[in-house]
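Here is how the chains run, residue by residue.
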Amino acid sequence: MLKGFIFDLDGVLTDTATYHLAAWHELAQRLGIHLPAAADTALRGRSRMDSLNLILRYGHQENDYDEAQKAALAAEKNQRYQTFIQSLTSADILPGIPSLLKNAKQHGLKLAIASASKNAPLILRRLGLFAQFDAIVDPQSLH
């Protein structure tokens, strides 16, 4: 018997890839790194640190930063990304999702998010979907 649904966030409920890419491009430019067109595809679906290391490789700067500096760069990118996603609204929910969530709730099904995004709760709040979900599992909630 079906008891609920577990959703990913990016690419399922909304698409924030353009915001991630814009933030990475800004950071790369600040570091004097030109990203080739193929970088956009290569950066999708990677963790923050994997993405940063890839960008540094593109700029032949992979050995120029220690782990603390890399963590600071990744945090800088995430701050910029968080600024971008402040513009998210319910209009950014992908087609069909509002009715799917509504129908699931009407049938008493539980809804959960399982996302690699540390920003999942913020994104759900911006979309107006936070209260729809019974559970959110992201890297911040796993210990």
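See the structure printed just above.
Small disclaimer: the values here were computed from a predicted structure and weren't measured.

S.K.: With reference to specific residues and values, describe the packing of helix α4 (residues 67-85) against helix α6 (residues 120-127).
M.R.: Any two packed helices are characterised by the angle at which their axes cross and by the distance between the axes. Running from N to C, α4 and α6 point in directions that differ by 15°, and their axes come no closer than 11 Å. Considered as vectors, α4 and α6 are oriented roughly parallel to each other. The interaxial crossing formed by α4 with α6 has right-handed handedness. Taken together, the residues of α6 that come into contact with α4 (itself represented by Y81, Q82 and I85) are L122, I123 and R126. For the contact of α4 with α6, the residue count by class is 4 nonpolar, 1 polar and 1 charged.

S.K.: Please set out the pattern of salt bridges residue by residue, giving values where relevant.
M.R.: Counted under the stated rule, the structure contains 4 salt bridges. The salt bridge partner of R80 is E26, with a shortest N-O separation of 2.6 Å. With R80 in helix α4 and E26 in helix α1 (residues 17-30), the pair connects residues that are 54 residues apart, well separated along the chain. Overall, R80 belongs to the partly exposed group, its relative accessible area being 31%. Classification of E26 by relative accessible area gives partly exposed; the value is 34%. Among the salt bridges present, the one from K70 reaches E67, with a minimum N-O distance of 3.9 Å. A residue pair is termed a helical-turn pair when its members lie 3 or 4 positions apart in one helix, as K70 and E67 do in helix α4 at 3 residues. With relative accessibility at 8%, the residue K70 sits in the buried group. Relative accessible area serves as the criterion here: at 55%, E67 is assigned to the exposed category.

Conventions and cut-offs
Residues numbered from 1 in each chain as written. Predicted model: local features only at pLDDT ≥ 70, side-chain atom pairs only at ≥ 80, totals over all residues. Heavy atoms only, no water. Axes fitted to C-alpha atoms, helices over the stretch in contact; angles between N-to-C directions. Helix = DSSP H or I, 4+ residues; strand = E, 2+ residues; numbered from the N terminus. Parallel < 35°, antiparallel > 145°, perpendicular 65-115°, else oblique. Left-handed = near helix turned anticlockwise from the far one by under 90°. Contact = heavy atoms within 4.5 Å. Nonpolar A, V, L, I, M, F, W, Y, C, P; charged D, E, K, R; others polar. Salt bridge = Lys/Arg side-chain N within 4 Å of Asp/Glu carboxyl O. Buried < 20%, exposed > 50% of the residue type's maximum accessible area, 1.4 Å probe, protein only.

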